[in-house]
Amino acid sequence: MDSTDSQNGNGTRHYWFLVTFLVLMSALGSFVNDMFTPSLPAMTRFFHTTIPTAQLGLTTGMIGLALGQFVLGPVSDHYGRKPVLVGSVVLFIIAAVVSVFSPTIYFFIVCRLFQGMGASGGYFLARTMPADLYSGRQLARLMALVGAINGVAPASSPVIGGITADAFGWKGVFVLLAIFAAVILLVSPLVRESLPKGRRTTVPVLKSFKGYVALLRNYKFMVHVSFKGVSLGLLFAYISAAPFILEDHYGLSQTSYGLVIGFNALFIVAGSMTALKFKPLKKAAVIGALVLSVGVVAQAFALWLVHSIWIYEACMAVILYGLGLIFTTTNTLSMNEGRGQAGEASAILGIAGYIVGAVVSPLVGLGDVLHSTAIVFVCLMVAILVCAWATRRIAPDLDS
C-alpha cells in the first residue's frame, strides 16, 4: 500500500473490504434500473399501458438518482459520508417494498422516483469515497478496479432480474432489490468514515450548495463531466430499448434476454481495464469515442435495414467496449479535478448522465423502436465526438 493508505489507516485487509463495499454500493445504482428492464414488456401488459409510459419507470428512476445526488452531495460534505449512506439506503428499501403494491403504472412510476433517490446515495458515494482517500493514478487504479469488478452488476442484474421475473413476476424483482439494499445496510457499520470532521464544510448546508457554481465554472471538470454524461446517456438508451428489441422483436424470453445483456456488459468491463494502459489517461476516452462511433454507425444501419440479432450483438460489443474506455477515464479525470469538493463533484458527475438518460429513454420507444433507437444512438454519438474533441484539446490531467 502507499503512503496515502497509511495516512488514512487503511491496511491491505480494509482496502479490499472497501473495494467490495464500493462495488456493492455502485451495484445498487445499476440494479435499480438493470434488474427490472427484462420485466418492461410484461409490465406494459400487466398495467395495460404503452411502451413509452412503461419506460417512464426508467426515466423517473434516473430523475431520482439525479435529484438525490444533487441534494446529498453538499449534505455528505457537511455531515460525512456514512449518515448519507444509511439514510439513502433506508429510503430505497421503503420505496422498493411499496412499489410492489402499485395499483397503477403511475403509482409505480412515483415509487421509482423515490427508489432512484434512495439508490443515489450508494451510487455517488462509490465515486466520492475513493476521491476522499486517493488522487491521480492511485485514484484511477481504484476506480478502474471497482468499475471492472462492478461489471458483474450490469452483467448479472438482467440475468437475475429475468430469472426472478420468470419465476415470481415483476414484483419479485423489487422484493429482491429490497433484500440486496438491506444487506448493504447491515454491512455499513463496518465501513470507516472517509471524510474526517476536519475536512468537512463548516458553512450551513443550504449555503454549501454554492459550491456547485464553482465546479460548473471549472472548464476542464465540465468537459470531463459532459463526456461522461452523453456516454452514459447512450448506455441508458441501449438499456431502455434492448428489452423491446430482443424480447418483442427477436422473441427472446426474459431469462434469455438477461443472459444476452449480461454477456454484453463484459465488454464494458474489458474497456474499463484497458483504459489504464493509456498514457496520458485521457487518450483512452478519445480512442473509446472513435471505437464507439464505428459501432454506432454500423448499428444504426443494421437496425434500419438488416434486422439480424447477430449483427445487433456484434455492434453492441464494439459500442460497449468503447463506453468502457470512456467511463473509467472520465470518472477518474472528473473526480481528480473536483476532489476538493468531492461530494458536489460526484453529484454533478452522476446527475449529468441521468439527465441525458432521462431524456433519451422514452425517445427510443417512439414509433418503430428499431428506427427510433438508431436515431437516438447517432445523435448521442455526435455529442460524444464533440466531447472527445474538447477533451483532446485539454492538457493531460494525469501523465504518469
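It should be emphasised that the depicted structure is a prediction, and the values quoted were computed from it without experimental measurement.

Caption draft 1: How the structure looks around the overall build of the protein chain. Looking only at helices and strands, one finds 17 helices and zero strands in the protein chain. In terms of C-alpha radius of gyration, the protein chain reaches 20 Å, essentially the compact-globule figure of 21 Å for 400 residues. Projected onto the principal axes, the alpha-carbon positions of the protein chain cover approximately 55 × 45 × 40 Å. Relative to its 400 residues, the protein chain shows a buried fraction of 62%. Long-range contacts, defined as pairs at least 24 residues apart, comprise 86% of the intrachain contacts of the protein chain with a sequence gap of at least 6. In the structure as shown, the protein chain presents an accessible area of about 15100 Å², 71% of it carried by carbon and sulfur atoms. One way to put it: in the protein chain the 25 positive side-chain charges average out to a point 9 Å from where the 15 negative ones average out.

Caption draft 2: Representation of the pattern of salt bridges. Overall, the coordinates contain four salt bridges when judged by the stated rule. The salt bridge involving Arg81 is made with Asp132; its shortest N-O contact spans 2.8 Å. Taken together, the positions of Arg81 in helix α5 (residues 81-99) and Asp132 in helix α6 (residues 105-133) put the pair 51 residues apart, joining distant regions of the chain. One salt bridge in this structure joins Arg200 and Glu193, with 3.9 Å as the shortest N-O distance. Assessed through its relative accessible area of 18%, Arg200 is described here as buried. Glu193 sits in the partly exposed class, given a relative accessible area of 27%. Salt bridges sharing partners connect three or more residues here, namely Asp77, Arg81 and Asp132.

Caption draft 3: Focus on the packing of aromatic side chains. Across all of its chains, the model carries 13 aromatic pairs by this definition. Ring geometry for Phe263 versus Phe267: centroids 5.5 Å apart, planes at 85°, classification edge-to-face. Taken together, the residues span about one helical turn, with Phe263 and Phe267 both in helix α13 (residues 254-275) at a distance of four residues. Aromatic rings pair up to connect Phe36, Phe46, Phe47, Phe108, Trp170 and Phe174 into one cluster.

Caption draft 4: Inspection of a nonpolar patch on the surface at higher detail. Taken together, Phe301, Trp304, Leu305, Val306, Ile311 and Ile375 make up a surface patch of nonpolar side chains, about 570 Å² in accessible area. Per-element tally for the nonpolar patch: the top contributor is helix α14 (residues 282-306), with four residues. One can find Trp304 in helix α14.

Caption draft 5: Structural context of helix α4 (residues 51-79). Counted at 1.5 Å a residue, the expected span for α4 with its 29 residues is 42 Å, and the 41 Å between its end C-alpha atoms agrees. The largest bend along α4 measures about 30° and falls at Leu72, with the proline Pro74 one to four residues further on. The buried fraction of α4 is high, at 21 of 29 residues.

Caption draft 6: Representation of the side chain of Thr49 in the model. Residue placement: Thr49 occurs in the loop between α3 (40-46) and α4. By relative accessible area, Thr49 is classed as buried at 18%. Beyond its immediate chain neighbours, meaning those up to four positions away, Thr49 contacts Met43, Thr44, Ala54 and Ile105.

Caption draft 7: Expanded view of the packing of α14 against helix α15 (residues 309-337). Two elements in contact, α14 and α15, have axes separated by 7 Å at closest approach and are oriented at 155°. Put simply, α14 runs roughly antiparallel to α15. Read as a crossing pair, α14 and α15 show a hand that is left-handed. Taken together, the residues that form the contact of α14 with α15 break down as 22 nonpolar, five polar and one charged.

Caption draft 8: Here's a closer look at the nonpolar core. If you look at the biggest cluster of nonpolar residues, it comprises 115 residues, and the most contacted ones within it are Leu234, Leu235, Tyr238 and Leu292. Of the residues forming this core, the biggest block, 16 residues, is contributed by helix α12 (residues 219-249).

Cut-offs used in this document
Residues numbered from 1 in each chain as written. Predicted model: local features only at pLDDT ≥ 70, side-chain atom pairs only at ≥ 80, totals over all residues. Heavy atoms only, no water. Helix = DSSP H or I, 4+ residues; strand = E, 2+ residues; numbered from the N terminus. Rg over C-alpha atoms; globule rule 2.2 N^0.38 Å. Buried < 20%, exposed > 50% of the residue type's maximum accessible area, 1.4 Å probe, protein only. Contact = heavy atoms within 4.5 Å. Areas by Shrake-Rupley, 256 points an atom, 1.4 Å probe, with all protein chains shown as cover. Lys, Arg positive; Asp, Glu negative; His and termini not counted. Charge placed at Lys NZ, Arg CZ, Asp CG, Glu CD. Salt bridge = Lys/Arg side-chain N within 4 Å of Asp/Glu carboxyl O. Phe/Tyr/Trp six-rings, centres within 6.5 Å; stacked < 30°, edge-to-face > 60°. Patch = residues over 30% accessible without salt bridge, like charges linked within 9 Å, V, L, I, M, F, W, Y side chains within 5 Å. Expected span 1.5 Å × (residues − 1). Bend = angle between axes of the 7 residues up to and from the residue. Axes fitted to C-alpha atoms, helices over the stretch in contact; angles between N-to-C directions. Parallel < 35°, antiparallel > 145°, perpendicular 65-115°, else oblique. Left-handed = near helix turned anticlockwise from the far one by under 90°. Nonpolar A, V, L, I, M, F, W, Y, C, P; charged D, E, K, R; others polar. Core = buried A, V, L, I, M, F, W, Y, C linked by side-chain atoms within 4.5 Å.

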